[in-house]
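Survey of secondary and tertiary structure
Chain residues, written in single-letter form:
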Amino acid sequence: MDWILHKGVLITHTRVEDTPVTVLNTHLTANYTGNWGRNNLFARQEHGELMQIADLVNAQPHDHLVVLCGDFNIPRGSWLYDSLLNETGLIDPLAGDTRPTFRPYSGMGMHYSAPIDFTLYRAPSMLHVRAESDLRFTEKVEIGGRRTHISDHLGIGTHFEWVAPLK
């Protein structure tokens, strides 16, 4: 079904005071096998998508703070993740964090419970950026008289601070 949906990347350009910021948001093809090995059909498809996204990230002006976020459907620390970071120079504020961001549906294997959602960034060389991320929406909430999770995915809240260069 994912191939039919023609998923893509939403790109937003904005400014925060004097700093240009570009945000790219995406949702990659799901890997229904839960196998991210190099020979897996889904993993190869995801790799192709990641390399297209890497081209988009690398095409952004180098004086912009670039933020790439979304449901990548690949686990943190996998060869796919490493490939994206190596191609783009993006930084993951949650690097090494193995807490899952996906809650498998009833009947799905627990190996699907993995950190597959990300907020990554690239800062311009003249900007000192500090970014802190943490998981959001971890607890159930009351909706329609019952307690449930807002989504099958956790959110990632990221706080950015920077000092712009003196003019």
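Shown above is the structure to which this text applies.
A short tour of the structure in this document, coming up. (Residues numbered from 1 in each chain as written. Predicted model: local features only at pLDDT ≥ 70, side-chain atom pairs only at ≥ 80, totals over all residues. Heavy atoms only, no water.)

**Remarks on the overall build of the protein**
On a plain count of helices and strands, the protein comes out with three helices and eight strands. Principal-axis analysis of the C-alpha atoms gives the protein an extent of 60 × 45 × 30 Å. Considering the protein as a whole, with its 167 residues, one finds that 44% of them fall into the buried category. In the protein, the proportion of contacts linking residues at least 24 apart, taken out of those at least 6 apart, comes to 66%. When the accessible surface of the protein is summed, it comes to about 9500 Å², and 55% of that surface belongs to carbon and sulfur atoms. Once the 14 positive and 19 negative side-chain charges of the protein are each reduced to a mean point, those two points are 3 Å apart. (Helix = DSSP H or I, 4+ residues; strand = E, 2+ residues; numbered from the N terminus. Buried < 20%, exposed > 50% of the residue type's maximum accessible area, 1.4 Å probe, protein only. Contact = heavy atoms within 4.5 Å. Areas by Shrake-Rupley, 256 points an atom, 1.4 Å probe, with all protein chains shown as cover. Lys, Arg positive; Asp, Glu negative; His and termini not counted. Charge placed at Lys NZ, Arg CZ, Asp CG, Glu CD.)

**Comments concerning the sheet that holds strand β2 (residues 19-27)**
Strand order in the open sheet made by the four strands is β1-β2-β3-β4, with mixed pairing throughout. The sheet terminates laterally at β1 (9-16) and β4 (117-122), the two strands that pair on one side only. Taken over all neighbouring pairs, the strand axes of this sheet differ in orientation by 15° on average, direction set aside. (Pairing = 2+ DSSP bridges. Axes fitted to C-alpha atoms, helices over the stretch in contact; angles between N-to-C directions.)

**With respect to helix α2 (residues 41-59)**
The terminal C-alpha atoms of α2 lie 28 Å apart, and with 19 residues this matches the ideal 27 Å at 1.5 Å per residue to within 8%. Taken as a whole, α2 has its buried residues at Phe42, Ala43, Glu46, Glu49, Leu50, Met51, Ile53, Ala54 and Val57. With a side-chain oxygen lying 2.8 Å from the backbone nitrogen of Phe42, the N-terminal cap of α2 falls on Asn40. (Expected span 1.5 Å × (residues − 1). Polar contact = N/O pair within 3.5 Å; in protein donor to acceptor, adjacent residues only side chain to side chain.)

**Examining the side chain of His64**
Following the sequence through the fold, His64 ends up in the loop between α2 and β3 (65-71). Residue class for His64 comes out buried when judged on its relative accessible area of 13%. Not counting chain neighbours up to four residues away, the residues in contact with His64 comprise His13, Pro20, Val21, Thr22, Arg122 and Pro124.

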